[in-house]
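Structural overview
So the chains spell out like this:
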Amino acid sequence: QVQLVESGGGLVQPGGSLRLSCAASGSIISIYAMGWYRQAPGKQRELVARITTGGSTNYADSVKGRFTISRDNAKNTVYLQMNSLKPEDTAVYYCNAHRTVVITNTPYDYWGQGTQVTVSS
């Protein structure tokens, strides 16, 4: 079991920056691929950024060049640095931990409660 707690959301003007944090407990995150997802009102939850156990990253096209995901396994924490924020980035941002047990091919997914990011002037 992994418990995830997001923080760092808030209200920011267009062009501004925020850094989201996801603190994990209950298990070490080094064995999990970690991701940030977001869900805007009336829309489906979408992947924003993901980082593998080896440190490889991938991003949604809409955030490439503006957002950076990173992980600090020693602190059991994952971050999402968001720069040049736009109104369309407004959403609830969720942290995810994922791993698949290879022997049984069983996936495990854990979610945080979400943190609101609002980009508005």
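Residues numbered from 1 in each chain as written. Predicted model: local features only at pLDDT ≥ 70, side-chain atom pairs only at ≥ 80, totals over all residues. Heavy atoms only, no water.

Describing the side chain of S21
Relative to the helices and strands, S21 resides in strand β3 (residues 18-25). According to the relative accessible area criterion, S21 is buried, its value standing at 16%. Among all residues touching S21, those that are not within four sequence positions of it are V5, E6, S7, W36, T77, V78 and Y79. (Helix = DSSP H or I, 4+ residues; strand = E, 2+ residues; numbered from the N terminus. Buried < 20%, exposed > 50% of the residue type's maximum accessible area, 1.4 Å probe, protein only. Contact = heavy atoms within 4.5 Å.)

Brief notes about the nonpolar core
The nonpolar side chains of a soluble globular protein tend to be buried, and buried together. Membership of the largest hydrophobic core comes to 30 residues, with the highest contact counts inside it found for L4, M34, W36, L80, M82 and Y93. When contributions to this core are tallied by element, the ones reaching two or more residues are β3, β4 (33-39), β5 (46-51), β7 (67-72), β8 (77-82), β9 (91-101) and β11 (115-119). Among residues more than four places away in sequence, those in contact with M34 are L4, C22, I29, A49, R50, I51, I69, R71, V78, C95, N96 and A97. (Core = buried A, V, L, I, M, F, W, Y, C linked by side-chain atoms within 4.5 Å.)

Some thoughts on the pattern of salt bridges
Summed over all chains, the structure comprises four salt bridges. The shortest N-O distance in the salt bridge between E46 and R38 comes to 2.7 Å. On the basis of relative accessibility, which here comes to 35%, the residue E46 falls in the partly exposed class. Judged by its relative accessible area of 7%, R38 falls in the buried class. In this structure, the salt-bridge partner of D89 is R38, at a minimum N-O distance of 2.9 Å. With D89 in the loop between β8 and β9 and R38 in strand β4, this residue pair connects regions lying 51 residues apart in the sequence. Connected through salt bridges with shared partners, the residues R38, E46, R66 and D89 form a single ionic network. (Salt bridge = Lys/Arg side-chain N within 4 Å of Asp/Glu carboxyl O.)

Remarks on the environment of N73
Mapped onto the fold, N73 is located in the loop between β7 and β8. Separated by 32 residues in the primary sequence, N73 and N105 have C-alpha atoms spaced 24 Å apart. Not counting residues within four places of it along the chain, the set of residues in contact with N73 comprises I29 and S30.

Comments concerning the confidence of the model for the chain
On average, residues of the chain carry a pLDDT of 95, and 100% of them reach 70 or more. When pLDDT is averaged over each helix and strand of the chain, the minimum, 92, is found for strand β10 (residues 106-111) and the maximum, 98, for β11. (pLDDT = per-residue confidence, 0-100.)

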